Amino acid sequence: MSKETHDIQQNSGRSYWRSLDDLVQSSEFQERLAREFPQEAAELRDPVSRRSFLKLMGASMALSSLAGCQFAIKQPQEKIVPYVRQPEQVIPGRALYFATTMAVHGYGIGLLAESHEGRPTKVEGNPDHPASNGSSDAWIQASILTMYDPDRSQQIIKDGQPSTWAEASAALATAAAAAGSGIRVISEPNTSPTLAALVASLPAGSTWYQYDPLSADNTSTGTMNAVGSTNTIYAFDKADVVVALDSDFTTTGPTALRYARDFASKRRAHSAKPKMNRLYMAEPTPTSTGTLADHRLAVKASAVGSLTQAIAAAVGVAGVSAPSLSESESKWVASAVKDLQAHTGASAVIAGETQPAEVHALVHAINAALNNVGSTVRYIDPVGTMNTGINSLAALVSEINAGAVSMLVIADTNLVYNAPANFNIAEIIKKVPTVVHFGLYQDETSELAQWHINAAHYLESWGDLRAFDGTVSVQQPLIAPLYDGKTLIDVVAAMAGNASSTHDLVKNFWQGVTGTDGYAFDKNWQIALHDGIVPNTAAAATTPTLATSFKAPAATTDGLEIVFRADPSIRDGSAANNGWLQEVPKPVTKMTWDNTAQLSPKTAEKLGLKRGDIVKLTLEGRSVDAPVFVVPGQSDDTVVVHLGYGRTKAGRVGSSVGFNAYAIRPSTSLWHGAGVEITKVGEDYKLASTQMHTDLEGRDYDIYRAKTLDELINPHEEKHAHHEIISLFPEWDYSKGYQWGMSIDLNVCNGCNACVVACQAENNIPVVGKEQVWMGREMHWIRIDTYFSGDAEHPEIYQQPVACMQCEHAPCEIVCPVAATVHDAEGINNMVYNRCVGTKYCSNNCPYKVRRFNFFQYSDMETPSLKLQRNPDVTVRTRGVMEKCNYCQQRINEARIDARTQGREIKDGEVVTACQQACPTQAIVFGNINDPSSKVVQLKALEKTSYTMLDPLNTKPRTSYLAKLTNPNPELGGTHGDA
Amino acid sequence: MAQVFNRRANTIARLSIFVGVPVVLLILISVWWYYTRSDWVRDVGPAHAVVQPGGGFSHQLHVGGLKMDCRYCHNSVEVSSSANIPSTETCMGCHSQVLHESPKLEFVRNSYVNEEPIQWNKVHDLPKFVYFNHSIHVAKGVGCSSCHGNIASMPVVYKTQALYMSWCLDCHRAPEQFLRPQSEIFNTTWTPPADQIEQGLKLKEEYGIRDSLQLTNCSICHR
């Protein structure tokens, strides 16, 4: 590593780099790049692996013949099965959309679910819902796969034997009656008003605890201490200066989609007099939001408290003294404070849920001092329960230890896996006489329960939830429970001896609330179901009363610090069995199928560690083995570990993947703590990070363009002269009809992966597994490239979504020997699967490396439940064919056919690609470039920022980018991070 | 040493080259054609009528005899990719009154009472990578009988077209050969007029049908 660091210091010629290996151009990296597909060629030459390759081929051939592919000249006779009674509104071949609600940390996110003849295939955000605004994220997109997961629990289990709901509900009622005041329910956070009312009907003395390992308890406690309220809402669409203190507010929590949208609205610089907000970020490890920052300061998680204190002191919060800071920290703080003070009433300071309550309290004082309360910050009546974290679990544990609990219902939360390590929760649970487990999976916790009740997925359930702002939305099922699963409402109702269906319980509850019945109620009920929200249910605003004294946050700790974070993809681990989430490359590290102990380059060097080394992390006497990954832009003396991995009973996909960071997470250091020991125990752990699969090859400017707002307004002399390039290929006539094009605004992309998973859901893209990803065979049609610039310690981090560019002069087309990839009249590069013979020439010749090849039969053609998830409008690909993005051809065709049967033209915005629809920041715009009034044309016309990738190749891509803009504070110098 | 081959062997060799090779080629081509391009392999014609459960449904009786409109049962043909196979309820709409005790309709009543769908045998079965849309064809002047033949004359439905891609392209390249006015779309016995090409070109203009360059894009049917 020392040599590498030396090289880094010597290196100044390259402006962007993709990984540390790339930065120093290590020989391993160069060798890997030289191979088109890592390992493949060498593998075939190596006699041993060649033999195993042939063996594998033999096995898959045997499998395919077993799978019923008998030799037949004629097509087999297929059945066609109509309805007995066709439901109203169902038209075979046309999708229907229903509003429903998904819970994220217990808060509702309004969704529209696409249903094909009764089976949901995809979810989108509900444009009318305040928390989603029509967009979604990777987690929401992937939830559809969880519903069809064949590893879901499919039956009720009593003491290891299958049982029935009739038996279970009777047993629940009996046990509840016997337990009386000894009933305890612990669930993940839940804002359902119906459920709350039902729990209240349980025998007196019974308590409902809520526990979330990623709880935002710190936030609510800090807010309560500071202003006497628990729920804060930020209006980032009104903030010109934002200071984020370890807060990944655009991707984390139930407000993320809304905040991302609002934040992005202040970041578009399209007008003649462009204006942008400015984001200051202090965080220990690069997050999605951090990559958007204009001034990113990599600090230890425990140093954020001092930064907050310094800001508070500077803006004049009474009784707060300025702590001592390092030079770079005080420079960052001084500039941020100056900027904040110049924008009073139009700025916002936000802290992350991982920071202690004292930091949150100070943040509210700072916002009050800056006059932001009422404009960019407002407070509302509490929506959820305040205690959803460690205090709540600790209270339950002490009750169990005191023998006060005779019946425990563990709902949706996997305590044995995710409780703090020092709680020894498994032994505690064993003390309770009657334990009922309720969940989607038979997991680590269900083993301890006498009863396991299989849960219904949210797309199978009735229910109700409140959004972050209190807005109520009804959860409406899209399909009857596949495995007759139950809802938590069912379980609690059964305990209360109420045998009504969930639907009736929810409906009756709201009938009671509204005080109406009959037609008056039914009409509003139908409207609420249709719209996905219940109007006028947002929580009332509260007038904050600011506390008079504030506790100073703990001082920065010395020595190596461990930082626990939710995994960016699988979060708390409850979705570990979801292949889409496991395989989506995480923002910045591009890691798939693993979590790692992340170290900064300097710290890794100091500890003598390199990527792929296996280390033993020991904290408070508990230890776990983890592979090392070196992350540029991480703070020094910090080991970041992500939660959610190392499951033992997750299912076929998620078990034994990564290491379990919960196993060393103590209740005293939930998010970060000192005293971690790190010792090397092995090396050469195979990490499947897609970051090293491609290289810029020195064409930085042609691939990624970034400039500052100042450069946009006062352009420097153009260094890169544009040459008119003559093409030898005949030109197509693109003057007629629809000509599809896309514009991606790099300025608002935070690399959150919503588009990647949305594309996967829409286009039936298979999951390939870690081994195949490691070989560079991932199948995603759209990927997010991460580029770094600057030095390895304080790089600027850029995110760039890359899908097929639909080149007008497509290099892939001319090399295909069987015309399997050809151009169409609307400018789309078609991929004709049934013609493809798998030469892979097209992929070789593609300068953007966006083509994906089915080396094996990746799509699961056997599992019945997975077949139900597939989009019926997209071919499921077989082994041996190439595939790639086609601008959601199926959506274009549907719109075109609809428009033409109605005798009109397609309207701008009528065709929305899956990636565009999902994008929380609306970075992707798609439309007809022949229509001068279309939005995409207006964006492509932005001369100063719009560019096409690898322009000198003259491929004439239909997808163009809007350059990344930063808005650095002149006082801090040009680039961020090195403040 | 005596010669192994006598003189006649030369003639046989020549014959085998000039006659044998073409014959073998011809056989191979015929076999290839028969198995990949012929109507036989796609079960075209009355001889290959697809037997349906319960004795099936007679289009001859319902369409030919009772003059029922195609859309009475295939009710989504104008709005969806699928024309829709009617639900049992649609059958029972009439047959709860008409022939409600007929033993021939036992299977329909059973389906309705037991909530068990009737499993019909598919007649036209496109490969899974082909996305045909009924609504656009009907809207743009392609009549039912152009692809499905004279359904009104079929007691048991059979294919009248093999549905090869080349056949699709015949129309997508020159739709004027087959276009008809909207009034004739559901006419099962429509025959092209003598001046079809002239009429067809007029209709093509009227319907606003795009040119063959666009209609023959792969993405029109494959995705």
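Residues numbered from 1 in each chain as written. Chains lettered and ligands numbered in written order. Predicted model: local features only at pLDDT ≥ 70, side-chain atom pairs only at ≥ 80, totals over all residues.

What to know about the overall build of chain B
Moving on, step 1. Within chain B, the secondary structure is distributed over eleven helices and one strand.
Moving on, step 2. Going residue by residue from the N terminus, the α and β elements of chain B occur as α-α-α-α-α-β-α-α-α-α-α-α.
Moving on, step 3. Here chain B has a C-alpha radius of gyration of 25 Å; the compact-globule value for 223 residues is 17 Å, and the former is much larger.
Moving on, step 4. Dimensions of chain B, computed from C-alpha atoms along their principal axes, come out at roughly 95 × 50 × 35 Å. (Helix = DSSP H or I, 4+ residues; strand = E, 2+ residues; numbered from the N terminus. Rg over C-alpha atoms; globule rule 2.2 N^0.38 Å.)

A look at the overall build of chain A
Moving on, step 1. Along its length, chain A carries 32 helices and 41 strands.
Moving on, step 2. Taken against the 2.2 N^0.38 rule, which gives 30 Å for 979 residues, the C-alpha radius of gyration of chain A at 28 Å falls within 12% of a compact globule.
Moving on, step 3. Overall, the C-alpha framework of chain A stretches about 85 × 80 × 65 Å when taken along its three principal axes.
Moving on, step 4. Per-residue burial for chain A yields a buried fraction of 56% across its 979 residues.
Moving on, step 5. Here the analysis covers contacts within chain A between residues at least 6 apart in sequence; of these, 74% occur between residues at least 24 apart. (Buried ≥ 20, exposed ≤ 12 C-beta atoms within 10 Å, placed from the backbone. Contact = placed C-beta atoms within 7 Å.)

Some details on the sheet that holds strand 21 (residues 561-565) of chain A
Residue and element names in this part refer to chain A.
Moving on, step 1. Strands sit in the order 27-21-26-23-25-24-28 across an open sheet of seven strands; the sheet is mixed. Single-partner strands in this sheet number two, and they are strand 27 (672-674) and strand 28 (677-682). On average, each strand axis in the sheet is inclined to that of its neighbour by 35°, with strand direction left out of account.
Moving on, step 2. One ladder, built from three bridges, connects strand 21 with strand 27; its direction is antiparallel. In the sheet register, V563 faces strand 27, and the bridge partner there is H672. (Pairing = 2+ DSSP bridges. Axes fitted to C-alpha atoms, helices over the stretch in contact; angles between N-to-C directions.)

Details of helix 8 (residues 193-200) of chain A
All names here are of chain A.
Moving on, step 1. Every buried residue of helix 8 is accounted for by T194, L195, L198 and V199. Projected down its long axis, helix 8 carries its buried residues within an arc of 135°, all on one side.
Moving on, step 2. Buried residues along helix 8 sit in contact with strand 8 (183-187), strand 9 (207-210), strand 19 (463-466), helix 18 (488-495) and helix 19 (502-514). (Arc of directions from axis to C-beta.)

Regarding the interface of chain B and chain A
Moving on, step 1. Each side of the interface is counted separately: chain B has 38 residues, and chain A has 36 residues.
Moving on, step 2. For the side of chain B that touches chain A, the elements supplying multiple residues, two or more each, are helix 4 (88-95), helix 5 (106-114), strand 1 (120-121), helix 6 (134-139), helix 10 (212-215) and helix 11 (218-221) of chain B.
Moving on, step 3. The leading source of residues in the side of chain B that touches chain A is helix 6 of chain B, at three residues.
Moving on, step 4. Where strand 2 (residues 79-80) of chain A lies against strand 1 of chain B, two bridges are found, and the strand directions are antiparallel.

Observations regarding the nonpolar core
A general trend in soluble globular proteins is that nonpolar side chains are found buried together.
Moving on, step 1. If you look at the biggest cluster of nonpolar residues, it comprises 263 residues, and the most contacted ones within it are L245(A), I311(A), I366(A), V492(A), L617(A) and V639(A).
Moving on, step 2. Tallying contributions element by element places helix 14 (residues 357-369) of chain A first for this core, with eight residues.
Moving on, step 3. Aside from chain neighbours lying at most four places away, what touches I311(A) is V243(A), V333(A), A336(A), V337(A), V349(A) and I366(A).
Moving on, step 4. Counting residues in hydrophobic clusters, the runner-up holds ten residues, among them V77(B), V138(B), V142(B) and C144(B). (Core = buried A, V, L, I, M, F, W, Y, C linked by C-beta atoms within 7 Å.)

Points about the pairing of strand 18 (residues 451-454) of chain A
Residue and element names in this part refer to chain A.
Moving on, step 1. Alternating residues of strand 18 divide into W451 and I453 and H452 and N454, and every residue in both groups is buried.
Moving on, step 2. Relative to strand 18, strand 6 (residues 156-158) runs antiparallel, the two sharing two bridges. Looking across to strand 18, one finds that K158 is bridged to W451.

Quick word on the domain arrangement of chain A
Residues and elements named next belong to chain A.
Moving on, step 1. For chain A, the assigned domains read domain 1 (96-147), domain 2 (156-215 + 388-515), domain 3 (218-385), domain 4 (561-691) and domain 5 (693-709 + 735-971).
Moving on, step 2. A straight line from the C-alpha centre of domain 2 to that of domain 3 covers 36 Å.
Moving on, step 3. Contact with domain 2, which involves eight residues of that partner, is made by seven residues of domain 3.
Moving on, step 4. Here the side of domain 2 that touches domain 3 is built from residues that sort into two nonpolar, four polar and two charged. (Domains from an automatic or database assignment. Nonpolar A, V, L, I, M, F, W, Y, C, P; charged D, E, K, R; others polar.)

Comments concerning unusual backbone geometry
Moving on, step 1. Phi at E117(A) takes a positive value of approximately 45°, unusual for a residue other than glycine.
Moving on, step 2. Tracing the chain through its elements places E117(A) in the loop between strand 4 (107-116) and strand 5 (119-125).
Moving on, step 3. Even without being glycine, L99(B) reaches a positive phi, approximately 50°.
Moving on, step 4. Residue placement: L99(B) occurs in the loop between helix 4 and helix 5.

Some words on the domain arrangement of chain B
Moving on, step 1. Splitting chain B by domain gives domain 1 (8-36), domain 2 (58-85 + 123-221) and domain 3 (87-119).
Moving on, step 2. A straight line from the C-alpha centre of domain 1 of chain B to that of domain 2 of chain B covers 42 Å.

A look at the confidence of the model for chain B
Moving on, step 1. Taken over all residues, the pLDDT of chain B has a mean of 91, while the share at 70 or more is 100%.
Moving on, step 2. Scoring the predicted complex yields pTM 0.90 and, for the interface, ipTM 0.89. (pLDDT = per-residue confidence, 0-100.)

Digging into the packing of helix 7 (residues 165-179) of chain A against helix 18 of chain A
Residues and elements named next belong to chain A.
Moving on, step 1. Their axes nearest at 7 Å, the elements helix 7 and helix 18 cross at an angle of 55°. Considering their axes alone, helix 7 and helix 18 lie oblique with respect to each other. Judged by residue contacts, S169, L172, A173 and A176 of helix 7 engage V491, A494 and M495 from helix 18.
Moving on, step 2. When the residues that make up the contact of helix 7 with helix 18 are grouped by side-chain class, the tally is six nonpolar, one polar and no charged. (Parallel < 35°, antiparallel > 145°, perpendicular 65-115°, else oblique.)

So, the pairing of strand 12 (residues 278-283) of chain A
All names here are of chain A.
Moving on, step 1. Counting buried positions along strand 12 yields six of six residues, so the element is predominantly enclosed.
Moving on, step 2. Of the two faces of strand 12, the one lined by R278, Y280 and A282 and the one lined by L279, M281 and E283 are each fully buried.
Moving on, step 3. Here five bridges tie strand 11 (residues 241-245) to strand 12, and the two strands are oriented parallel to one another. Looking across to strand 12, one finds that A244 is bridged to M281.
Moving on, step 4. Note on the crossover from strand 11 through helix 10 (residues 256-265) to strand 12: the handedness is right-handed.
Moving on, step 5. The pairing of strand 12 with strand 13 (residues 295-298) spans four bridges and is classified as parallel. Bridging from a neighbouring strand, Y280 pairs with H295 of strand 13. (Right-handed = clockwise from strand over helix to strand, strands pointing away.)

Quick look at the sheet that holds strand 1 (residues 16-17) of chain A
Residue and element names in this part refer to chain A.
Moving on, step 1. Read from one edge of the open sheet, three strands run 1-32-33, paired in antiparallel fashion. The open sheet terminates on both sides in strands that have one partner only, identified here as strand 1 and strand 33 (796-802).
Moving on, step 2. Pairing of strand 32 (residues 783-789) with strand 33 involves seven bridges; the strand directions are antiparallel. Across the sheet, residue R783 finds its bridge partner in strand 33, namely V802.

What about the environment of D170(B)?
Moving on, step 1. With respect to the element layout, D170(B) can be found in helix 8 (residues 165-173).
Moving on, step 2. Once the C-alpha coordinates of D170(B) and T216(B) are considered, the two residues, 46 residues apart in sequence, prove to be 9.9 Å apart.

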